[in-house]
Amino acid sequence: MTITPDDADRILGLRARGKSVDAEYSELDWDQLYKLAEEVLGWDHNTTLKEFCSAAKEVEDVHVGCGNKPKILRSFKLKNLKDKFENTVQKVKDGLVMDATKINQTADAYLLHTLGRIIFPDHTGKKVSAQYLQFVKDLSKFHEYAWGSACVAFLLHSISTASRLDLGNIEGNFSLFQVWVYDHFPKLKLSTPIEVAEDTFPTSAKYEFKDYNKRDKFDKIISLREKLDSLDGHDVEFEPYNTTVEEDEFVEEEDIPLGMYYGPLFYPGGYVIFDPRRVLRKFGFIQTVPYDDNQKFKLLLKGGKVTKSTTSFWKPKYDPDAIVYSLERNG
C-alpha cells in the first residue's frame with residue numbers, strides 16, 4: 001500500500017493530472033527573489049528583507065534587530081503574510097483603493113499562503129518558501145499544475161526521512177496521510193465518520209479531527225500496534241473510492257487510474273520515485289511480480305560550483321522516459 005496522486009484527488013480534491021511543478025521551477029538567488037517579491041506582492045527591497053529576517057528571528061526593525069549582517073531565510077511567515085493582505089472588505093471601507101494591481105497581489109498572497117499552509121507545509125507549519133512566488137506570478141497558469149501529485153511527492157519524501165534520529169516532525173499535508181489511513185484501514189477505528197452522504201467528495205469531509213491533544217498517546221500506540229499485527233487482507237479496504245463497474249465494462253484510457261504511471265513525481269526542489277506496479281491490488285487489479293525492464297533513473301548535476309550533496313542543483317534525468325504502465329504486461 002502507498003499514497004498515490006489518486007488519493008490526493010479523492011481526499012483533498014487536488015487535481016492529480018496537469019503540468020508538473022518542476023516544469024518552470026528553479027532555485028532563485030537573493031536578487032531574483034527580491035525582484036519577484038516586488039513584482040508579485042508589491043514589496044520593496046527593505047520590506048522583503050524585513051520579512052526574510054523575520055522568518056529567522058522576530059524583529060521590529062531590520063537594522064536594529066538583526067544587526068549589520070542579519071540572519072535571513074528565503075521564507076515568509078504565514079502570519080505576516082496573512083496580516084498584510086487579509087480583511088480587504090474592511091480596508092476598502094477604511095479608504096483603501098482596490099485596483100487591479102492590488103487585487104492581483106491579494107490573490108497571489110492568498111495562493112502563496114495556501115501553498116505553505118496546505119500543499120507544502122514545512123516542519124514548523126509557520127513559514128512558506130519565497131521560492132513558491134514563481135507559481136503565483138501568473139495567476140492564469142496556477143490551475144494548470146498537478147498540485148495533487150506534487151502534494152503526494154512532498155509528503156512521501158518527508159515520510160521517507162521521518163525515521164531519522166535528528167528529525168522530530170513530518171513535513172507535508174498530514175491530513176492527507178491521516179484520511180488515507182482512515183479510508184483504507186477502517187478496522188483500526190482511528191476516527192468515526194460523521195453523518196454525511198456515502199459519496200462525499202473530498203473524503204476528508206467525512207471525518208472530524210478530535211482527541212489529538214489527549215495525553216494517553218503511549219497507550220494508544222501499543223493498542224494500535226496490536227491491531228496492526230492482527231490485520232489480514234480482508235481487513236484492508238483496497239478500493240474505498242471505487243464505484244460499481246460491470247465485470248466486462250470497457251474502461252476508457254482517460255479513466256484508467258493515474259497511479260498506473262511510474263517514474264518520478266516532482267515537488268518543488270526534488271522528486272520521489274513512484275512505482276504503483278507494486279500495489280496493483282489497490283487499483284482493483286491482480287497483483288503480479290512487477291515487470292522488470294531494467295529502467296534506470298539518473299541524477300545529473302547542473303550548474304557551476306556544486307557538489308554531489310548540493311541537492312538543490314540536481315536535475316533528474318531518466319532513461320527510458322517516464323511512460324504510462326501498460327496493463328497488457330500483466331495480462
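Because the structure is predicted, anything quoted here is derived from the model rather than measured. (Residues numbered from 1 in each chain as written. Predicted model: local features only at pLDDT ≥ 70, side-chain atom pairs only at ≥ 80, totals over all residues. Heavy atoms only, no water.)

1. Quick notes on the nonpolar core
The following threshold applies: Among buried residues, those of type Ala, Val, Leu, Ile, Met, Phe, Trp, Tyr and Cys that are joined through side-chain atoms within 4.5 Å constitute a nonpolar core. The buried label applies to any residue whose accessible area, calculated with a 1.4 Å probe on protein chains only, is under 20% of its type's maximum; exposed applies above 50%, and partly exposed to all values in between. A run of DSSP states H or I qualifies as a helix once it reaches four residues; a run of E qualifies as a strand once it reaches two. Both are numbered from the N-terminal end. Contacts are assigned to residue pairs with any non-hydrogen atoms lying within 4.5 Å of each other.
With 58 residues, the main nonpolar core has L41, F76, L115, F120, L133, F135 and W147 as its most contacted residues. A per-element tally of this core places helix α9 (residues 147-161) first, with 8 residues. Ignoring sequence-local partners within four residues, the contact set of L133 consists of L33, L36, A37, V40, L41, F76 and L112.

2. A word on the packing of helix α5 (residues 78-85) against helix α7 (residues 100-119)
This is how it is decided: Axes here refer to lines fitted to C-alpha atoms; in helices the fit is confined to the stretch in contact. Angles between the N-to-C directions go from 0 to 180 degrees. Each angle gets one of four labels, with under 35 degrees taken as roughly parallel, over 145 as roughly antiparallel, 65 to 115 as roughly perpendicular, and the rest as oblique. Left-handed describes a crossing whose near helix is turned anticlockwise from the far helix through less than a right angle; right-handed describes the clockwise counterpart. Here the nonpolar group is Ala, Val, Leu, Ile, Met, Phe, Trp, Tyr, Cys and Pro; Asp, Glu, Lys and Arg are the charged ones; every other residue, Gly included, is treated as polar.
Running from N to C, α5 and α7 cross one another at 155°; their axes reach a closest spacing of 10 Å. Here α7 runs roughly antiparallel to α5, going by the angle between their axes. Judged by the twist between their axes, the crossing of α5 over α7 is left-handed. Where α5 abuts α7, its residues L78, L81, K82 and F85 lie against Q105, T106, A109, L112, H113, G116 and R117. Within the contact of α5 with α7, the residues separate by chemical class into 5 nonpolar, 4 polar and 2 charged.

3. As for the side chain of D183
Counting through the fold element by element, D183 comes out in helix α10 (residues 174-184). Setting aside anything within four residues of it in sequence, one finds D183 in contact with I11, T203, K206, Y207, E237, P240 and Y241.

4. Examining the packing of aromatic side chains
Inclusion rule: Any two rings among Phe, Tyr and Trp, with Trp reduced to its six-membered ring, count as a pair given centres within 6.5 Å; such a pair is stacked if its planes are under 30 degrees apart, edge-to-face if over 60, and tilted if neither. Comment: the charge-over-ring label is applied if NZ (Lys) or CZ (Arg) is within 6 Å of the ring centre and within 35 degrees of the ring normal.
Throughout the structure, instances matching the rule amount to 19 aromatic pairs. Considering the side-chain rings of F154 and Y267, the 5.7 Å spacing of their centres and the 80° angle between planes classify their relative orientation as edge-to-face. Residue F154 is located in helix α9, and its partner Y267 is located in strand β3 (residues 261-267); the two are separated by 113 residues in the primary sequence. You'll find F154 and Y267 in the same group, each marked buried. Plain terms: the ring middles of F174 and F177 are 5.5 Å apart, the flat faces sit at 85° to each other, and that makes the pair edge-to-face. With F174 and F177 both in helix α10, this residue pair falls 3 residues apart, about one helical turn. Here F174 falls in the partly exposed class, since its relative accessible area comes to 38%. Judged by its relative accessible area of 23%, F177 falls in the partly exposed class. One aromatic cluster is present, formed by Y25, F120, Y132, F135, F142, Y145, W147, F154 and Y267 through successive ring pairs. Sitting above the plane of the W30 ring, R74 keeps its charged end 4.1 Å from the centroid.

5. A short note on unusual backbone geometry
The residue N87 is not glycine, and still its phi comes out positive at about 55°. Relative to the helices and strands, N87 is located in the loop between α5 and α6 (88-93).

6. Notes on helix α1 (residues 5-12)
Taken residue by residue, α1 has P5, D6, D7, A8 and I11 as its buried positions. Within two residues after α1, G13 carries a phi angle of roughly 80°, on the positive side.

7. Things to note about the confidence of the model for the protein chain
Keep this limit in mind: By definition, pLDDT measures how confident the predictor is in each residue, and it falls between 0 and 100.
On average, the protein chain scores 77 in pLDDT, and the residues at 70 or more come to 72%. Mean pLDDT values for the elements of the protein chain range from 40 in strand β7 (residues 323-324) up to 96 in helix α8 (residues 133-136). Across residues 299-331, confidence stays below pLDDT 50; counting only partners more than four residues off in sequence or on other chains, it has 59 contacts.

8. Notes on the environment of A109
Mapped onto the fold, A109 is located in helix α7. In sequence terms A109 and K84 are 25 residues apart; their C-alpha atoms lie 9.0 Å from each other. Those residues within four positions of A109 in sequence are excluded, and the remaining contacts are L41, L81 and F85.

9. Here's the deal with α10
Heads up, the rule is: Here a polar contact means two N or O atoms within 3.5 Å. Within protein one must be a hydrogen donor candidate and the other an acceptor candidate, and residues neighboring in sequence count only if both atoms are side-chain atoms.
For α10, the complete set of buried residues consists of L176, V179, W180, V181, Y182, D183 and H184. Against the buried residues of α10 lie α1 and α9. The backbone nitrogen of S175 lies 3.1 Å from a side-chain oxygen of the residue at the head of α10, namely N173.

10. Examining the pattern of salt bridges
Quick reminder of the rule: Put simply, a salt bridge is a Lys or Arg side-chain nitrogen that is within 4 Å of an Asp or Glu carboxyl oxygen.
Enumeration over the complete set of coordinates arrives at 6 salt bridges. For the salt bridge of E144 with K19, the shortest nitrogen-to-oxygen distance reads 3.3 Å. Here K19 lies in the loop between α1 and α2 (30-41) and E144 lies in the loop between α8 and α9, a separation of 125 residues in the sequence. K19 gets classed as partly exposed once you look at its relative accessible area, which sits at 22%. Ionic pairing is found between D83 and K79, a salt bridge with its closest N-O pair at 2.9 Å. With a gap of 4 residues between them, D83 and K79 both fall in helix α5, about one helical turn apart. Given the relative accessible area of 38%, D83 is considered partly exposed. If you follow the salt bridges from partner to partner, you end up with K19, E24 and E144 in one network.

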